[in-house]
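These are the residues of each chain, in order.
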Amino acid sequence: MSAICDTTTFDWNELRLALMGQRDSRILPPWVKLPFLPSVLLEFVYTAQSPDSTAEQVGAILEKDAGLTAALLRHVNAASLGFRQPARTAQEAIVRLGLRASTLYLVTTGMSNVLKLMKTRLVNFNEFWCANLERALFARRVADLLGADADLAYTATMLSDCLTPVLVNNATQTYLRFLNLQDVNPTRITEFEDTEFGWNHAEATAYLLDGWNFPPDIVCCVLLHHQGIAPLSDARLRRTAAAAVALAGLLPDPLRQEPGGVRTLRRIEPKWPAFRLQSIVEQVDTEFRSVEAGVRNPMPLVRRVRLAR
């Protein structure tokens, strides 16, 4: 498998249209109480997609939200980014980081803040959050191996399960049946949801983000995040972030969404020598400790992978 990727000509909007058609939010039934991102972030994302947008314009939008502005400034002024003089305004931060990287960072931060406020009755939120971050770090590592967009892979993975706590809270008994089923007849969560609802959380989340005017590359990666190894065999997707996000979706998580996912990842290794699962998860655990030092991870990924059947 080649590690060289040229995504400059890849048309994500064409793929979005092929997979989803025109926007239609009716996939989400009225009983789903949607999370709300800050209106400033939605305005920022929408404006940033215009080819005519400037750092001054989007910076002015961002400065309406002091929390998001402060988060971006802290990120840009971190020593690891290597700027000699600190950025003092949102516009300066966006110019230094770049509009695309700024958008991806703010999307991740905004959704992370929303997720941290949610409570689920069936899943320990700390474990859910840890698994979410682990998958994102894993996706970024795999994207690097593919030569794909690592920042896109990270961001899309962070967003992939953003609707799951809402669905679990609004359909608790249904998801309780799913968890019980995993003990006797393990089933992929998307197959279970398709049977129960006629749609699954990957589709619902993609349509939600699309309705919020998120970039089509993020929408497509989220939509495909439970496709397992299939994107590696797709000529369009095998060298894109979508493949990395889908592989990250096979990792173990509190909801046990992908039974047998680790076995599938191990089967990739003989065909793709650069993909060494043990090494990648060790790197993820190391990075996790530095990125999220304030969150206790009850069981590191390397241990969960080792114990997976």
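These numbers were taken from a predicted model, which means no experiment stands behind them. (Residues numbered from 1 in each chain as written. Predicted model: local features only at pLDDT ≥ 70, side-chain atom pairs only at ≥ 80, totals over all residues. Heavy atoms only, no water.)

Caption draft 1: Quick look at the overall build of the protein chain. Counting secondary structure elements, the protein chain contains 17 helices and 0 strands. For the protein chain, the C-alpha radius of gyration of 19 Å lies close to 19 Å, the compact-globule estimate for 309 residues. Taken over the C-alpha atoms alone, the protein chain extends approximately 55 × 45 × 40 Å along its principal axes. Once local pairs closer than 6 in sequence are excluded, the contacts in the protein chain between residues at least 24 apart make up 68%. Taken as a whole, the protein chain presents about 14,400 Å² of accessible surface, with 51% of it coming from carbon and sulfur. Charged side chains of the protein chain number 33 positive and 32 negative; the gap between the two group centres comes to 6 Å. (Helix = DSSP H or I, 4+ residues; strand = E, 2+ residues; numbered from the N terminus. Rg over C-alpha atoms; globule rule 2.2 N^0.38 Å. Contact = heavy atoms within 4.5 Å. Areas by Shrake-Rupley, 256 points an atom, 1.4 Å probe, with all protein chains shown as cover. Lys, Arg positive; Asp, Glu negative; His and termini not counted. Charge placed at Lys NZ, Arg CZ, Asp CG, Glu CD.)

Caption draft 2: Quick peek at the nonpolar core. Ranked by size, the top nonpolar core spans 101 residues in total, and within it F138, V142, F214, L247, L265 and F275 carry the most contacts. Residue contributions to this core peak at 12 residues, all from helix α7 (residues 125-146). Beyond its immediate sequence surroundings of up to four residues, V142 is in contact with A244, L247, W272, F275 and I280. (Core = buried A, V, L, I, M, F, W, Y, C linked by side-chain atoms within 4.5 Å. Buried < 20%, exposed > 50% of the residue type's maximum accessible area, 1.4 Å probe, protein only.)

Caption draft 3: Summary view of the confidence of the model for the protein chain. When pLDDT is averaged across the protein chain, the result is 86; 91% of the residues are at 70 or more. The lowest-confidence element of the protein chain is helix α6 (residues 99-116), averaging 82 in pLDDT; the highest-confidence one is helix α14 (residues 241-248), averaging 97. Low pLDDT (under 50) marks residues 1-8, which in the prediction has 16 contacts with non-local residues, meaning those over four places away or in another chain. (pLDDT = per-residue confidence, 0-100.)

Caption draft 4: Geometry of unusual backbone geometry. The phi dihedral of N213 is positive, around 65°, even though this residue is not glycine. Even without glycine at this site, R256 takes up a positive phi of about 55°. On the secondary structure map, R256 appears in the loop between α14 and α15 (261-268).

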